[in-house]
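# A structural walkthrough
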Amino acid sequence: ATSDLRTQARLFDVTGAPLGPAFEVTSDTTVSSHIPSIASTPGGGFIVTWLRVDPPEAAILARAFDAAGVALGPDFLVASGVDPSFSAPIVAVDTAGDFMITWELAHEILASRFESDGTPQGGVTRLNRYTFFRPHHPRVAAGAAGRFLVVWDDQDDQIASAVVAQRFAPDCGDGVLNPAGAWDD
């Protein structure tokens, strides 16, 4: 839930009964946070990512929590800039606990991969091939250890649209997301 400037979470048991009060997700409650996304980790913990807006800058941050809702460290930066057109980030966690966060920024679909402890596996990578289309609404799903699938809408100026997907293999190589299938250049 997002309240005022804060993003909060609350844990529930399998019957839906609360396991305690809501707690702060972000470590800085003085800056506006928006549109959180959450994914569970193999050990019962979770990763939360959100958009922080502090004009003129915007940033995507994330934070890891254990199964009891205790933060495993401070917020960490995924991406930042002065462009106000960051979209809501989406997170997915694979079976090893590694995760990928994807978002849209100025006609680009971007993604970053992280080790389970939040260490980046390379930098930010642009996924869409062309920028003359208007990509929107990226979503990411995780499969077996290290495999991710990102999908998004591509729309041209003629109102034609398509759903585009890119899958990724386990090895990130030299900080670049390795497509499981080669581009068709």
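Computed from a predicted model, the values in this text were never measured in an experiment. (Residues numbered from 1 in each chain as written. Predicted model: local features only at pLDDT ≥ 70, side-chain atom pairs only at ≥ 80, totals over all residues. Heavy atoms only, no water.)

## Some points on the packing of aromatic side chains
In total, this model carries six aromatic pairs according to the counting rule given. Judged by centre distance (5.1 Å) and plane angle (15°), the rings of Phe-99 and Phe-114 are stacked. With Phe-99 in strand 9 (residues 99–104) and Phe-114 in strand 10 (residues 109–114), the pair connects residues that are 15 residues apart, well separated along the chain. An identical accessibility class is assigned to Phe-99 and Phe-114; each is buried. Members of the aromatic cluster, joined through ring pairs, are Phe-23, Phe-46 and Phe-65. (Phe/Tyr/Trp six-rings, centres within 6.5 Å; stacked < 30°, edge-to-face > 60°. Helix = DSSP H or I, 4+ residues; strand = E, 2+ residues; numbered from the N terminus. Buried < 20%, exposed > 50% of the residue type's maximum accessible area, 1.4 Å probe, protein only.)

## Observations regarding unusual backbone geometry
In this model, Ile-35 sits at a positive phi of 50°, which is unusual for a non-glycine residue. In this fold, Ile-35 is placed in strand 4 (residues 32–40).

## Quick notes on the sheet that holds strand 10
Read across the open sheet, the four strands follow the order 8-9-10-11; overall the sheet is antiparallel. Of all the strands in the sheet, just strand 8 (90–93) and strand 11 (125–126) have a single pairing partner and so form its edges. Strand direction decides the pairing type here: strand 9 and strand 10, joined by six bridges, are antiparallel. If you follow Trp-103 over to strand 10, its bridge partner there is Leu-110. (Pairing = 2+ DSSP bridges.)

Geometric descriptors of this kind do not, in isolation, establish any biological role.
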